[in-house]
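Okay, here's what each chain looks like letter by letter:
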Amino acid sequence: MIITTPSNYKVTLKDFLTFGEKRTLERTIVEGTVVDTDSKQAPKIQGTQLYAYQDKAFEILVQKIEIEDKSYDSSNQNLYEMVMSWREEDGKAVFDKILEMISPKETEKKSSS
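Residues numbered from 1 in each chain as written. Predicted model: local features only at pLDDT ≥ 70, side-chain atom pairs only at ≥ 80, totals over all residues. Heavy atoms only, no water.

Here we look at the packing of aromatic side chains
Now for step 1: According to the stated counting rule, one finds 3 aromatic pairs in the structure shown.
Now for step 2: Ring centres of Phe58 and Phe95 lie 5.6 Å apart, and the angle between their planes is 15 degrees; this geometry places the pair in the stacked category. With Phe58 in helix 2 (residues 47-61) and Phe95 in helix 4 (residues 88-102), the pair connects residues that are 37 residues apart, well separated along the chain.
Now for step 3: Phe95 gets classed as buried once you look at its relative accessible area, which sits at 11%.
Now for step 4: Through a chain of ring-to-ring contacts, the aromatic side chains of Phe58, Tyr80 and Phe95 assemble into a single cluster. (Phe/Tyr/Trp six-rings, centres within 6.5 Å; stacked < 30°, edge-to-face > 60°. Helix = DSSP H or I, 4+ residues; strand = E, 2+ residues; numbered from the N terminus. Buried < 20%, exposed > 50% of the residue type's maximum accessible area, 1.4 Å probe, protein only.)

Listed below in structure tokens is the structure:
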């Protein structure tokens, strides 16, 4: 899948997460979380875990970036650092798509209830 940012950068992402990749992401979000089985309260998740989750998803999903006539992939460029140096609206476009891809779908929410 290819998305185009407001500055016309083209970012190629994997079309889907494998089961193993999804489990790796889930492990990132629960790492360090303590679940009290005697409590009725949901476990507390630290904000840093959410960023680690999103950053790991970036690492898994982003495959290539094209800017004008140049192409970059993880073998010749740190793609994460590249996106972090972009204007806010361009980086946000990439992470919005990533969040859309890693967020539970309505059918997943219903089946887990």
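Considering the confidence of the model for the chain
Now for step 1: Of the residues in the chain, 88% have a pLDDT of 70 or more, and the chain-wide mean is 87.
Now for step 2: Across the chain, element-level confidence peaks in strand 2 (residues 10-13) with a mean pLDDT of 98 and bottoms out in helix 5 (residues 106-111) with 54. (pLDDT = per-residue confidence, 0-100.)

With respect to the nonpolar core
Now for step 1: Ranked by size, the top nonpolar core spans 24 residues in total, and within it Val62, Ile65 and Ile98 carry the most contacts.
Now for step 2: Those elements that provide at least two residues to this core are strand 2, helix 1 (19-30), helix 2, strand 3 (62-67), helix 3 (79-84) and helix 4.
Now for step 3: Ile98 has contacts with Leu13, Gln54, Ala57, Phe58, Leu61 and Val62, leaving out every residue within four places of it along the chain. (Core = buried A, V, L, I, M, F, W, Y, C linked by side-chain atoms within 4.5 Å. Contact = heavy atoms within 4.5 Å.)

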